[in-house]
Structures are given as structure tokens and as C-alpha cells.
Amino acid sequence: MDHAADAHRTDLMTVTRYVLNEQSRHPEARGDFTILLSHIVLGCKFVCTAVNKAGLAKLIGLAGETNVQGEEQKKLDVLSNEVFVKALVSSGRTCILVSEEDEEATFVDPRLRGKYCVVFDPLDGSSNIDCGVSIGTIFGVYMVDKDLDSISLDDVLQPGKNMLAAGYCMYGSSCTLVISTGYGVNGFTLDPSLGEFILTHPDIKIPKKGKIYSVNEGNAKNWDGPTAKFVEKCKFPTDGSSPKSLRYIGSMVADVHRTLLYGGIFLYPADKKSPNGKLRVLYEVFPMSFLMEQAGGQAFTGKERALDLVPTKIHQRSPIFLGSYDDVEEIKALYAAEQK
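All values reported here derive from a predicted model rather than from experimental measurement.

Caption draft 1: Region of the structure containing the overall build of the protein. Broken down by element type, the protein carries 8 helices and 17 strands. Its C-alpha atoms give the protein principal-axis dimensions of roughly 60 × 50 × 45 Å. Sorting the 340 residues of the protein into buried and exposed places 53% on the buried side. A separation of at least 24 residues holds for 65% of the contacts in the protein among residues at least 6 apart in sequence. Split by element, the accessible area of the protein, about 15500 Å² in all, is 52% carbon and sulfur. Side-chain charges of the protein comprise 37 positive and 43 negative groups, with the mean position of each set lying 3 Å from the other.

Take a look at the structure:
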């Protein structure tokens, strides 16, 4: 990239302009989806500012409550959740919200309802705040095609393949928003001087095969056969190729972001300690799987394509293997062989 030339570019593709361009693909669109996404973007900007000031504003540390997952809540989690809930409700375009921080789904006041359901993790990886590791917001959007007075939880318990859009915003060395509306994946970086997200990673495509694997090896003694075999093969390849490098940050947004850009595989398998896996289906597994497939990769649960999974509970968990197409094919072959 020619950064000097970029610094003097005057034709900037902002995320707002990008979403408006996407809207023109749908002549019937009334702009509801565009308004919804602009509220999500506003929430991301607010959280980005709060994360950057966290140490100064004494927001770091525990808020003293424990959330539905049994994790002690950080003050920033609580703040981020409130910001997103308020931004989404005030858009007037949502009817059901599912947040990682709230035990129950939020049903929007009938007077403010719109046709979209939003599932989100307001601050993923928040246990890493204190040490400055990248953290992020993950979100997915569904549409409800029925009378908004008769909505129920079933309207949000849909397979991931029904998602209209998904994305994440990573708060790290820069603030990066990666989003897909079903027509490829695009990455935007927040320009603090403009207060705008500018397109910096157009049409992201994951390499077909990667040189990196990403997994918490501390859980190795509890893994099932296919996972153990796959990781062994990464370290000690039998085909004469070089071993893969291990990179594991422990913040899903950061690990998936690296996987998307550089290729490779991210795995959080089921194990004896967590037989259903650890990551939540609706607001972690589905949005990231949606992005991976849109970028030319794959996502697999150990049993099926991740986006075909039909959740029965809003905080349901699932194992996940996602990343470069060929790398996920390998793990699929190992699970298929075990079932024989």
C-alpha cells in the first residue's frame, strides 16, 4: 500500500457511502437497513472512544455483577451493552435484540419496532482489557417477515444462513470495522480526525490455504480425536511441508481478523470440559462464519456447516472450526473418518 498517496486521497469511501451504494442493489429498499447499520456504526464509534479512555476513566475493573455466562462483568461490558441497546432501539428499525450480556432477549416497545433482529456481543474478549489486547464488538442482523405484533423468540432462533448482514468492530492499534451484507466482505478503518470509517480493505478474500493455526492448546488433554490429530498434523506434517505457526490471542475478534487477512484456521473445539464448545452460536459463531464464507473460507461445527445449525436457545454454544477453505476441509475429513 502506498500510504503517502493514501494520505492525500480525496475520494473517500466511507462506511455510510458504502451502505448507501449497497442499498441501490435493492430498488425496493426504503433505507431502513441503512439507518440500522448507521446506528450500529455509531455504537462502535462510542465504544472505541470508551475503550481508548478506559484506563483514564477508571472504567477498568469489575462492575461487581456476574453476567448470564457466569463471567464477572467489566464496567466496559456494561457500558458497551447499554450503548448498543439504546442505539439499536432508538433506530426504530429493530424488534428483538439478543446480547451476550443479557439473560433474556429484549423485545422492543411496539411503538418503536422495525423489521430487524440484531444479535450481538457488545465487547468480546473483555477479560483482555486490562492488558491492552485487541477486543471487539460482534453483530449479526436477521429480518422478520411477519406482523411485528406477533413476534416471538423463534424469529431470532434462525440458522445463520438466514442472516442478512454480519460484522465485527475491532478496537486495537486502530479501530477496524469488517462487514458483509451478503455480497463479499469489506474492511473499514476509523480515521479519528474525520470521525469516519474509511474503506481500507476492499473485497477481503481469505487465502485458500494458510500457514497459521489458532487454538487454546491448554485444553489439549481434553480434546477429541479429530482435533488432536489435526493439531498434531499442523505441528508435525507428514507430507514434507513446513509446520504451521501457532498464533492464539484469546480474543475471538482479533484471532478471526488475523485468520481472515492472512489465512489459516481458528478452532475452538468441544472437549471433555465443554462438551458443547464454548463460543455462543447466535452472536459469535454465526456472524464470524457468515464473514468467513463470504470471504471464500468455510466454517464447520464438527458435525455440519456452521450456518446450517438451528439454535434452540439464545445463549446456546457450539464448537467451531473456521478459516481457509483447504484447512477446514482437512478437519472435516478427520471427523468424517472418525464417524466411519
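Caption draft 2: Structural detail: the UniProt feature "domain: Fructose-1-6-bisphosphatase class 1 C-terminal" (unreviewed entry) in the protein. The residues that UniProt annotates with the feature "domain: Fructose-1-6-bisphosphatase class 1 C-terminal" (unreviewed entry) are residues 206-335. In residues 206-335, helix accounts for 36% and strand for 15%; the two terminal C-alpha atoms are 23 Å from one another.

Caption draft 3: Structural view of the pattern of salt bridges. Taken as a whole and assessed by the stated rule, the structure comprises 20 salt bridges. Across the salt bridge formed by E330 and K233, the nearest N and O atoms sit 3.5 Å from each other. You can see E330 sitting in helix 8 (residues 325-339) and its partner K233 sitting in helix 5 (residues 225-235), a full 97 residues away along the chain. According to the relative accessible area criterion, E330 is partly exposed, its value standing at 22%. The exposure class of K233 is partly exposed, given its relative accessible area of 38%. Two residues, R305 and E293, come together in a salt bridge whose shortest N-O distance is 2.9 Å. Taken together, the residues R305 in the loop between strand 15 (298-300) and strand 16 (317-318) and E293 in helix 7 (residues 281-294) connect sequence positions 12 residues apart. The exposure class assigned to R305 is partly exposed, which follows from its relative accessible area of 32%. Several salt bridges converge on common partners, so that one network encompasses K209, K233, K244, D327 and E330.

Caption draft 4: Molecular detail of the nonpolar core. Membership of the largest hydrophobic core comes to 45 residues, with the highest contact counts inside it found for V156, L282, F286, M288 and I320. Elements represented by at least two residues in this core include exactly strand 3 (94-99), strand 5 (116-124), strand 6 (135-143), strand 7 (165-171), helix 6 (252-262), strand 13 (265-268), helix 7 and strand 17 (320-323). For this core, the leading source of residues is helix 7, giving 9 residues. Excluding its chain neighbours within four sequence positions, the residues that come into contact with L282 are V98, V119, Y142, V156, L157, Q158, M163, P287, P311 and I314. Core analysis: the second largest hydrophobic core is formed by 39 residues, I40, I129, C169 and L199 among them.

Caption draft 5: Up close: the sheet that holds strand 3. One open sheet holds the 8 strands; their spatial order is 4-3-5-6-7-8-9-10, and the pairing between them is mixed. The outermost strands of the open sheet, each flanked by one partner alone, are strand 4 (106-107) and strand 10 (196-201). Here strand 7 runs beside strand 8 (residues 175-180); their pairing, made up of 6 bridges, is antiparallel. From the neighbouring strand, Y168 faces strand 8, where its bridge partner is V178. With respect to the sheet, helix 6 is in contact with strand 5, strand 6, strand 7, strand 8 and strand 10, its orientation differing from that of strand 7 by roughly 110 degrees. Packed onto the sheet, helix 7 meets strand 3, strand 5, strand 6, strand 7 and strand 8 and runs at close to 80 degrees relative to strand 6.

Caption draft 6: Main features of helix 2 (residues 15-23). Where helix 2 is concerned, the buried positions are V15, Y18, V19 and E22. Projected down its long axis, helix 2 carries its buried residues within an arc of 95 degrees, all on one side. Buried positions along helix 2 lie against helix 3 (32-52), strand 8, strand 9 (186-191) and strand 10.

Caption draft 7: Expanded view of a positive patch on the surface. Taken together, the side chains of K221, K272, K273 and K278 present a region of like positive charge at the surface. Within the element layout of this structure, K272 appears in the loop between strand 13 and strand 14 (279-280).

Caption draft 8: Local environment of the pairing of strand 7. When you tally the buried positions in strand 7, you get 7 out of 7 residues, the bulk of the element. Where strand 6 meets strand 7, 7 bridges bridge the pair, whose relative direction is antiparallel. Across the sheet, residue V141 finds its bridge partner in strand 7, namely A165. Here strand 7 folds back onto strand 8 in antiparallel fashion, the turn holding 3 residues.

Caption draft 9: Summary view of the packing of helix 6 against helix 7. Two elements in contact, helix 6 and helix 7, have axes separated by 11 Å at closest approach and are oriented at 15 degrees. On the basis of the axis angle, helix 6 is roughly parallel to helix 7. Seen from above, helix 6 lies across helix 7 with right-handed handedness. Here M252, V253, V256, T259 and L260 of helix 6 come into contact with helix 7, specifically with E284, M288, L291 and M292. Split by residue class, the contact of helix 6 with helix 7 holds 7 nonpolar, 1 polar and 1 charged.

Caption draft 10: Spatial organisation of the sheet that holds strand 17. The sheet built from 5 strands is open, its strands ordered 12-11-13-17-15 with mixed pairing. Among the strands making up the open sheet, the edge pair consists of strand 12 (245-246) and strand 15. In this sheet, strand 12 lies alongside strand 11 (residues 212-214) in parallel orientation, the contact comprising 2 bridges. Considered in strand 12, the bridge of I212 is made with S245. Sitting on the sheet, helix 5 is in contact with strand 11, strand 13 and strand 17, with an inclination near 145 degrees to strand 13.

Thresholds applied
Residues numbered from 1 in each chain as written. Predicted model: local features only at pLDDT ≥ 70, side-chain atom pairs only at ≥ 80, totals over all residues. Heavy atoms only, no water. Helix = DSSP H or I, 4+ residues; strand = E, 2+ residues; numbered from the N terminus. Buried < 20%, exposed > 50% of the residue type's maximum accessible area, 1.4 Å probe, protein only. Contact = heavy atoms within 4.5 Å. Areas by Shrake-Rupley, 256 points an atom, 1.4 Å probe, with all protein chains shown as cover. Lys, Arg positive; Asp, Glu negative; His and termini not counted. Charge placed at Lys NZ, Arg CZ, Asp CG, Glu CD. UniProt positions renumbered as here; feature names shortened; annotations may be inferred. Salt bridge = Lys/Arg side-chain N within 4 Å of Asp/Glu carboxyl O. Core = buried A, V, L, I, M, F, W, Y, C linked by side-chain atoms within 4.5 Å. Pairing = 2+ DSSP bridges. Axes fitted to C-alpha atoms, helices over the stretch in contact; angles between N-to-C directions. Arc of directions from axis to C-beta. Patch = residues over 30% accessible without salt bridge, like charges linked within 9 Å, V, L, I, M, F, W, Y side chains within 5 Å. Parallel < 35°, antiparallel > 145°, perpendicular 65-115°, else oblique. Left-handed = near helix turned anticlockwise from the far one by under 90°. Nonpolar A, V, L, I, M, F, W, Y, C, P; charged D, E, K, R; others polar.

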